[in-house]
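Spelled out, the chains give:
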Amino acid sequence: MSKRTFRIWRGDAEGGEFEEYTVEVGPGMVVLDAIHRVQAEHASDLAVRWNCKAGKCGSCSMEIDGMPKLGCMTRLGDYPESHTITIQPLKTFPLIKDLVTDVSWNFAQNKRIKPLQPKPRDADGEHRMQQEDVDRIQEFRKCIECYLCQDTCHVLRDHDRKDAFVGPRFMIRVGQLAMHPLDTEDRIPAIKEELGSGYCNITRCCTEVCPEHINITDNGIIPLKERVVDRYYDPIKMLLRKVRGA
Amino acid sequence: MSELVQIRVGGHQTGLGATCRVDDWKTGPTATFLGLSFFIVYATWAGLQGAHYYAGPYLSPLYSPVVWTKLGVPGAAPLEHALLGEWPAWWPALIPATPAALILIFPGSFRFTCYYYRKAYYRAFGMTPPGCAVGALPQSQYKGETALLIFQNLHRYALYFAILFIFILYYDAALAFSKDGEFGFGVGTLVLLINPTLLAGYTFGCHSWRHLIGGGLNLHSKSPLRHSLWKMATVLNERHMLFAWLSLFWVGFTDFYVRMVSMGVITDLNTWS
Ligand code: SF4
Ligand code: SF4
Ligand code: FES
Ligand code: FES
């Protein structure tokens, strides 16, 4: 066991400041463990959201030394022993208290995406899909809705264009539906207009922070942008569609 | 910390470059900035020379294909190498008479609109953002690729030319197996052969290619050929950044090699001499 100091943001929407806490830490501990120890020993009113402690519920998103991360999956051993670790709430969403932010904007975005519109079932009442057709969208289903990607996306984080862009999490959510072998909904107009695919400048920060290692940009957003090109920007494809009367 | 940096609720700083990150996030964009700048400066300089781009039988990729050649210039391509023959007399004196100027727009626009390079220069040059969770260059109203940068959507057209260029550069490599009608090869032949190979690795890992070849389909099971091609493109796509840099370096190096041989600075080891 050794001692380590943490610099944790304390405050609410009105304001606040960093406070330092020193606690005993041991091998294998993660940042969330240390926060719990701070709660137990120094600040029982320190607000932090968590649930599974296994990297699966997506609740414990925070910024650790400036990087959006899951508190329960970030090992203290990854940082030099004498280093004071800074812990902050997510920047992109309104602060409620200490490390807890109001992420409800994300729930509202989810509602803007039309659910799966499956084609009719086969004569025997079954839906059939081939493995190679679903392989691609399985990756997106790994999402734990931690919103770390939303937090780091500069379109939302720095430029505050929540009015124009739903963010990477919901690009892959709509991607999962748009690439679904059973879906019949034409989602391209919504991807371009309401959901704002053009606002992403594919700088890949969402991919870098995703704890599920979902290749958000390369496998989700770029393929959607290419589908938007097919529909709205490729003059030859547009001409061919006109000729075919489609 | 610049004066523009402000501390907000949550302890976050705002403003260009503002971050609480303490890791080494600057090295990546700095290396990108230096690497791309170096290549742009070198390619511009080399392209403007209009000379020493040919050292029989090797042709610099920055000059291929040669549309017109200016005879009498040291290290210029011979007449039979030029698609349309001799440099036209009507060429305005103000515009540099260099064959590179006629073709560099094709590979240039391909790389400029490439999804990987976009990421690289939006970060390293545009600082939008300079790093993840690092303050982006403030803009009154960020529009991403919906306004000024909307042309990026035509990347696939640059791709079509890039595919053509792979064949052209392999043709140049094939010509590099013969000097004055005699079969042989030299170090330059190998250099010219590696170049389109790396370019093919880069080009067939292109996101637009990956989309056009199969990514645009939802029912891959109904198009097994396109599914296999898509899977191959995916393998290269996962290494797109690697091939982007390798091929960029090699294009520059190939020009440099041909240039040095043409200028007599280095001697090409080959079977002819
Ligand atoms: S790649 Fe696009 S969605 Fe992802 S963080 Fe960057 S701008 Fe946002
Ligand atoms: S895509 Fe990744 S980073 Fe984004 S919410 Fe899902 S799991 Fe979190
Ligand atoms: S507590 Fe569930 S992901 Fe961290
Ligand atoms: S995406 Fe890089 S070449 Fe097309």
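Not measured: the values here are computed from a predicted model.

(A) Structural detail: the site of ligand 1. Residue and element names in this part refer to chain A. Taken together, the neighbourhood of ligand 1 is formed by 15 residues, with Cys153, Pro168, Cys200, Cys205 and Cys206 sitting nearest. When residues of the shell around ligand 1 are traced back to their parent elements, those giving at least two are helix 5 (154-157), helix 8 (205-209) and helix 9 (216-232). The element contributing the most residues to the shell around ligand 1 is helix 9, with three residues. Residue composition of the shell around ligand 1, by class: nine nonpolar, five polar and one charged.

(B) Region of the structure containing the packing of helix 1 (residues 27-49) of chain B against helix 4 (residues 115-124) of chain B. Residues and elements named next belong to chain B. Interhelical geometry of helix 1 versus helix 4 gives an angle of 105° and a closest axis separation of 9 Å. Here helix 4 runs roughly perpendicular to helix 1, going by the angle between their axes. Where helix 1 abuts helix 4, its residues Pro29, Thr32, Phe33 and Leu36 lie against Ala120, Tyr121, Arg123 and Ala124. Of the residues that constitute the contact of helix 1 with helix 4, the class distribution is six nonpolar, one polar and one charged.

(C) Representation of the site of ligand 2 within the structure. Residue and element names in this part refer to chain A. Among the 16 residues in the neighbourhood of ligand 2, the closest are listed as Cys143, Cys146, Cys149, Arg169 and Cys210. Elements that contribute at least two residues to the shell around ligand 2 include exactly helix 4 (148-152) and helix 6 (168-178). Across the shell around ligand 2, the residue classes tally to twelve nonpolar, one polar and three charged.

(D) How the structure looks around unusual backbone geometry. Residue and element names in this part refer to chain B. Cis peptide bonds are those with omega within 30 degrees of zero, and the linkage from Ser64 to Pro65 qualifies with -5°. As for its placement among the helices and strands, Pro65 is situated in the loop between strand 4 (58-59) and helix 2 (99-103). Of note, the amide linkage connecting Thr128 to Pro129 takes the cis form, showing an omega dihedral of -5°. The residue Pro129 is located in the loop between helix 4 and helix 5 (155-175) in this model. Of note in this structure, His52 is not a glycine but carries a positive phi near 55°. Tracing the backbone shows His52 in the loop between helix 1 and strand 3 (54-55).

(E) Expanded view of the domain arrangement of chain A. Residues and elements named next belong to chain A. When its domains are assigned, chain A resolves into domain 1 (2-101) and domain 2 (104-244). The distance between the C-alpha centroids of domain 1 and domain 2 comes to 32 Å. Each partner contributes residues to the interface: domain 1 has 13 residues there, and domain 2 has 13 residues. Ranked by residue count, the leading element in the side of domain 1 that touches domain 2 is strand 4 (residues 67-70), at three residues. For the side of domain 1 that touches domain 2, the per-class residue count stands at six nonpolar, four polar and three charged.

Cut-off values and rules
- Residues numbered from 1 in each chain as written.
- Chains lettered and ligands numbered in written order.
- Predicted model: local features only at pLDDT ≥ 70, side-chain atom pairs only at ≥ 80, totals over all residues.
- Near = placed C-beta within 6 Å.
- Helix = DSSP H or I, 4+ residues; strand = E, 2+ residues; numbered from the N terminus.
- Nonpolar A, V, L, I, M, F, W, Y, C, P; charged D, E, K, R; others polar.
- Axes fitted to C-alpha atoms, helices over the stretch in contact; angles between N-to-C directions.
- Parallel < 35°, antiparallel > 145°, perpendicular 65-115°, else oblique.
- Contact = placed C-beta atoms within 7 Å.
- Domains from an automatic or database assignment.

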